[in-house]
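# Geometric and topological summary
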Amino acid sequence: MSGSRTGMARRVASIAGVALALLVVVIAAGLPLFVFPSTDEPREVDAIIVLGPPREARIQAAQQLAADGYSDTVVIAVDDYGIDSAINIPACEVGADHASTAPVTRCLIPEPFTTAGEALMVKRLAAAEGWESVMIVTSVTHISRARMIFTDCLGGGVLATDDGVGIGDSNWAWQYLYQSGAFIKALVAPTC
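The rules we used
- All residue numbers refer to position in the chain's written sequence, counted from 1.
- Only residues with pLDDT of 70 or above have their local features reported here, since the model is predicted, and side-chain atom pairs are shown and tallied only from 80 upward, although totals for entire chains, interfaces and linings are computed over all residues.
- Each side-chain value is worked out from all heavy atoms of the structure, with water and hydrogens disregarded.
- Site definitions follow a grid-based scheme: protein atoms alone, a 1 Å grid, a 1.4 Å probe that fits but cannot get out for cavities, and for pockets an open set with protein on both sides within 12 Å along at least five of seven lines, plus lining residues having an atom within 4 Å of a point.
- Grid points are joined across faces, edges and corners, and a volume is the space filled by probe spheres set on the points.
- What counts as a helix is a DSSP run of H or I of at least four residues, what counts as a strand is a run of E of at least two, and both are numbered from the N terminus.
- Each residue gets one label: Ala, Val, Leu, Ile, Met, Phe, Trp, Tyr, Cys and Pro are nonpolar, Asp, Glu, Lys and Arg are charged, and the others, such as Gly, are polar.
- When two cysteine sulfur atoms lie within 2.5 Å, the pair is treated as a disulfide.
- A simple rule labels every residue: compare its accessible area, found with a 1.4 Å probe on the protein chains alone, to the largest value its type can have, and call it buried under 20%, exposed over 50%, or partly exposed in between.
- Take the buried residues of types Ala, Val, Leu, Ile, Met, Phe, Trp, Tyr and Cys, join any two whose side-chain atoms come within 4.5 Å, and each joined set is a nonpolar core.
- We call two residues in contact whenever any of their non-hydrogen atoms come within 4.5 Å of each other.

## A short note on the layout of surface pockets
The volume enclosed by the largest pocket comes to roughly 710 Å³. Looking at which element gives the most residues to the lining of the largest pocket, the answer is helix α5 (residues 172–188), with seven residues. Grouping the constituent residues of the lining of the largest pocket by class yields 14 nonpolar, twelve polar and six charged.

If you want it as structure tokens, here you go:
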């Protein structure tokens, strides 16, 4: 009887060891993707794209980039209803900035309201407008995946920067889980 308990204890310890090793691998792989992603130095682009959800920090970061002369076009991805809809975003109000030098701000609804939907929307806009380069503004945990999806759809000319907000300590575990799953999905089922 004590032999079966010892065997069971070894199996449990072995499973726990594998689970711990897997957790360490996921955390280590996620560091360059979600915590310390590569960001691009701003340079002049055809459009600055605010990825959803359209939080104020992202919009302000995009507006500052436009004010600094990196583009005269800002596109904000909005949802068709709820808190992330254009009606709830001050920058989307008609005539929100009356200055003649203000960037053109477009609030558009990607279909679906996902990173893939945003990339497809921008792909269509780039083809229609003749854009060769865009700068996406999103959260630090989303940069690597968003850049991968947008580059896949646009074939290059994609810069990525974060909104400067960072992620609260209590949100890191959720972001690791969500972004890891979404990254794997993007690798397995490419958008474009």
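## As for the state of the cysteines
Taken as a whole and judged by the stated rule, the model has two disulfides. The residue that forms a disulfide with Cys92 is Cys107, at a sulfur-sulfur distance of 1.9 Å. Note on the Cys92 and Cys107 pair: the S-S dihedral is about -90°, so by sign convention the disulfide is left-handed. Of the two residues, Cys92 is situated in the loop between β2 (73–77) and β3 (104–108) and Cys107 in strand β3; the sequence distance between them amounts to 15 residues. Here Cys92 falls in the buried class, since its relative accessible area comes to 17%. Paired by a disulfide, Cys153 and Cys192 hold their sulfur atoms 1.8 Å apart. On the sign convention where negative means left-handed, the S-S torsion of about 85° between Cys153 and Cys192 marks this disulfide as right-handed. Here the residue Cys153 occupies a position in helix α4 (residues 143–154), and Cys192 occupies one in the segment after α5, the gap between them amounting to 39 residues.

## Description of the nonpolar core
By size, the foremost hydrophobic cluster in this structure holds 21 residues, and its most contacted members are Ile49, Trp131, Val134, Ile136 and Phe150. Elements that contribute at least two residues to this core include exactly β1 (47–50), β2, α3 (115–129), β4 (134–138), α4 and β5 (158–162). Among residues more than four places away in sequence, those in contact with Val134 are Val45, Ala47, Ile49, Val122, Leu154, Gly157, Val158 and Leu159.

Geometric descriptors of this kind do not, in isolation, establish any biological role.
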